[in-house]
Amino acid sequence: MLKKRVPRGHWQIKENVIESAKSFNTRTAWQDAYGAAYNSARKKGWLDECSSHMEERQKPNGYWTLERCQARAYEFDCVKDWNKSCSGSYSRAQDMGWINEITKPWEEKKKSDQLTACIASAKKYSTRSEWLKNAPSKYSLASSKGWREQCCAHMILMLKTWTLAECLASAQQYTKREDWKKGDSKAYQYSRSNNWYDTCVAHMPLAHKPKTYFTLERCKSIAAKYKTRKEWKINHHPSYKRACGMKWVNVCSEHMEVVGNKQNRLIYIIYHFASRSIYVGLTADFNRRLSQHKKSSKSIINLIKAYCEDVKFKRLTQYIYSEKAAAEKETELAYKFLDRGWNVLNHFPALGALGASQSKYTKEECVESAKNFNRPQDWRDADAPIVTAAKKYGWYKECVENMPLRRKQVPKGYYTVSSCMESAIKFNAPAKWKKANPSAYGAALRLNILSNCTAHMTRMKYTPIEEYSFETCLLDAQKYSARNDWNKSSPAYYRAARKQGFFDDCVAHMKEVNMKPYGYWTEARCKESAKNYEAPSQWQKSEPTAYKAAREKKWLNDCTQHMTRKYKPVGYWTLERCREQAERYESLAEWRKKNLASYDYAKRQKWVELCTEHVKNKRTKNGYWTLANCIVSASTFDTFKDWRASEPSSYASVCRNKWLSKIRLCFAN
C-alpha cells in the first residue's frame, strides 16, 4: 500500500508530527514508517514529547531484577518466544545465572507432557515388542528418561524359556545362519547364550571359512589349479589372501608363469625371416597379447595368412621393472630393425605407448555417462573410450540395462509357438520381421513354424531366369552407362543377361573397362610401369594392379630401386637437419604429425628443445588448461570433433582430469 504524499512543509507543524507518532508503540516503528516526520521531530526537539506514550527502548541499568525477569518470562509459552520478544530480560537472566530457576516450571511442564504422551502411546499395545515396533520414538524416549517400567505396567510379560530341542527345531527351518538370525532372533540368541549354537547350526554351511581352514597344503592344492597368480587371486581370493598373509605365495606359485603388471613389462617380436617382416611389441602378459594380435591386429593376421607356420613369436627380453625404460627399449629396437632393412609393421606414432593396463574411468562414471543416452549404439558413437572400459571390466550390461530403447534380452525358452505368432503378426514382410526381432524369427526357424508365422505376409515374387528375354534385358541395360551401375541397380537383369549369353550385346553401349587379363603383369611390365613414378606410394595409387602383382611375386624391391624411400639411411638425421625440419612448422605437434622420422630421432637424441626454440613462446604453460580455459576453448568450435582436432592439448587435459562430460555440454545444442 502506497503512503499518501503530504504537501511541502507539512512536517514542520508540531501537531502533524504528534498525530503521526500516535499510531506507533516504538520509535523504531515510527521512524521506519514516517522517516520525514521522525527527522523533523528530532531536529526541532519534539522527540520526547512525541514519543511520551511509547515504550522505553532501553531500560536503565539495574531495571531487570529476578522478579521482573520472571514476570516478563511467564508472559510467554516457551523460552524461544521469550528470547525473541524480550531479549533484554532474557540476556540479563542469562548473565546473572537465573535461566535455570526461571525456566524450571517450563521444564517440569514439558517433562509432564512427555510422560503423559508416552503412557498414552504405551496403552495402545499389550506387549513391549509391539510398542517398540509401532512407536519406536516414544519407546526410546521412555527408556532414556527411565519411565519404561511405569509406561509398561499394564503389559503382559512374554518371557519364554527355550530348550535345546526347541532351538534345534527353529534352526532346522533355515539353511543359512544369517537367515535364522533374522527370522527367529530369540531362538538364535538363546542358543548362543546357552552354548548350543554349534549344535543347532551343524547342518548349515559356513558362509566364510575360518582363518585356520586354509593351511599350507590346502593353499598349495588350490594354487595348483591355476596358471598365474592373477588367475588364482580372481578365482579363489580367500586362499590367496591367506597365502599372502602367511607369506606362502612364492612356495604355492612355483609352478606358475610369471606375468608382468603396469611396472613390469617385456619386449617381444613377431617376425618372418624370409620376407624380412617384423613387429616389436611391449606387454605385461605375453600369451594374452599374442591371442589379441591373432584376433584383432590386421598386420599380424595378414602376415600369418601369407606365411602360416613360418611366422615366429619370441620373447626378446625379461621383464623390465620400469615403464619408461621398457618404452624406450621398444622404440630403440624398432628403429634398430628398421635401420637393418627389416619391414617394421609397427604404427610408429604408437611406439613406446604403455597401453591401458588400468582404466581411468570408474564404474560410477560409466553408469552416469550411459544415463544420457536412449540406445547403446548412441552411447558407443558419443563416448567410445568409456564404452570400451565398461566392456573390458564387465560393467557394460549394468550400464545399458535401463536404456529405454535397448533391445531387451529374453530368457531361454521364452519364444513358443504362440509368442512367435504374436511377434510375426505385427509385420507384413519376412525381411522386416527378421530385422526387427531376430530372436523370434530364429525361434520360428528352430520350431519349424516359419511358414505358419509368415502366411499373412506378402512375399517377393521370384521370376525364373528363363523369363528374362533379350529385349527386356536390353531395355533395362539402356538406362545405365556403366556395368557396375547396372549390376547395383538391377542385379536380376544383370545376372540373367550373363547366364543366358547375351551380356556383351546388352552392354555394347557402355564404356569399356580396361581390365588386364590374368597373367598380364610380368616382371618386365611391372618394371616398365614403375619407371613412371618417383615413390612407391604414387605407383600404388595410380596403378594398384601392377603394384599388387609386384608385391605378390616379390618383385617389389627390384621394381622400386630407382624410387626415393620413405625412410632415410642410417646417420642421415643430424642436428642441423632436424632443426631445419622443425623450423618449417609453427608447433611441436605439427612437426610430430608431418615429419615423424626427424621428430623421433631428435627425441631419442634429446635435441627437441634445441630444435624447437622458435616455438617455445607459443606453447601453453604448465597448468594453463584449467576447466574454465578448456570451456572457453571448446565454445569457439561448432562440433566436438573440430575442437578435438584443433586443440589437442586442451583435449588431453580434459581427458586427464575427467572433465569430458562437462565439456560435452558446450556442444549439447
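Look above for the structure.
Below: a short report on this structure. (Residues numbered from 1 in each chain as written. Predicted model: local features only at pLDDT ≥ 70, side-chain atom pairs only at ≥ 80, totals over all residues. Heavy atoms only, no water.)

Before going further, it helps to examine the nonpolar core. Within the largest apolar cluster, 26 residues are counted, with the highest numbers of intra-cluster contacts made by Cys366, Trp379, Ala390, Cys399, Trp643, Val654 and Ile663. Elements with a minimum of two residues in this core: helix 23 (363-370), helix 25 (384-392), helix 26 (396-400), helix 43 (627-634), helix 44 (640-646), helix 45 (648-657) and helix 46 (660-664). Sorting elements by how many residues they give to this core places helix 25 first, with four residues. Residue contacts for Ile663: discarding those within four places in its chain leaves Cys630, Ile631, Ala634, Trp643 and Val654. One finds Ile278, Leu282, Ile320 and Phe348 within the second-largest nonpolar core, a separate group that totals 16 residues. (Core = buried A, V, L, I, M, F, W, Y, C linked by side-chain atoms within 4.5 Å. Buried < 20%, exposed > 50% of the residue type's maximum accessible area, 1.4 Å probe, protein only. Helix = DSSP H or I, 4+ residues; strand = E, 2+ residues; numbered from the N terminus. Contact = heavy atoms within 4.5 Å.)

What follows covers the packing of aromatic side chains. The relative placement of two aromatic rings is captured by the distance of their centres and the angle of their planes. Scanning the entire structure with this criterion turns up 29 aromatic pairs. On the basis of an interplanar angle of 80 degrees and a centroid distance of 5.4 Å, the ring pair of Trp30 and Tyr38 is categorised as edge-to-face. Of the two residues, Trp30 and Tyr38, both sit in the buried class. With centroids separated by 5.2 Å and ring planes inclined at 80 degrees, the aromatic side chains of Trp131 and Tyr139 adopt a geometry described as edge-to-face. Taken together, the ring pairs in this structure connect Trp11, Phe24 and Tyr34 into an aromatic cluster. Stacked on the ring of Tyr520, the Lys or Arg Arg525 has its end atom at 4.0 Å from the ring centre. (Phe/Tyr/Trp six-rings, centres within 6.5 Å; stacked < 30°, edge-to-face > 60°. Lys NZ or Arg CZ within 6 Å of the ring centre and 35° of its normal.)

Enumeration over the complete set of coordinates arrives at nine salt bridges. Across the pair Lys371 and Glu368 runs a salt bridge whose closest N-O atoms are separated by 3.9 Å. A relative accessible area of 59% means that Lys371 is categorised as exposed. Look at Glu368 and you get partly exposed, because its relative accessible area is 47%. (Salt bridge = Lys/Arg side-chain N within 4 Å of Asp/Glu carboxyl O.)

Let us look at the side chain of Thr127. One can find Thr127 in the loop between helix 8 (99-122) and helix 9 (128-134). At a separation of 3.4 Å, a polar atom in the side chain of Thr127 contacts the main-chain amide nitrogen of Glu130. (Polar contact = N/O pair within 3.5 Å; in protein donor to acceptor, adjacent residues only side chain to side chain.)

Glancing now at helix 7 (residues 87-96). For an α-helix the count is 3.6 residues per turn, leaving residues at separations of three or four pointing the same way. Of all the residues in helix 7, the buried ones are Ser89, Tyr90 and Ala93. For helix 7, the buried positions fall inside an angular range of 100 degrees around the axis, keeping them on one side. Here the buried face of helix 7 lies against helix 5 (66-73), helix 6 (79-85) and helix 8. Backbone geometry just downstream of helix 7 places Gly97 in the positive-phi region, at approximately 75 degrees. (Arc of directions from axis to C-beta.)

It is worth spelling out the side chain of Ser253 at this point. Within the fold, Ser253 resides in the loop between helix 19 (249-252) and strand 1 (264-272). Judged by relative accessible area, Ser253 falls into the buried class, the value being 7%. Within polar-contact distance, the side chain of Ser253 engages the backbone oxygen of Val249 at 2.6 Å.

In this model, Lys606 sits at a positive phi of 60 degrees, which is unusual for a non-glycine residue. If you trace the backbone, Lys606 turns up in the loop between helix 41 (596-604) and helix 42 (608-611). With a relative accessible area of 73%, Lys606 lands in the exposed category.

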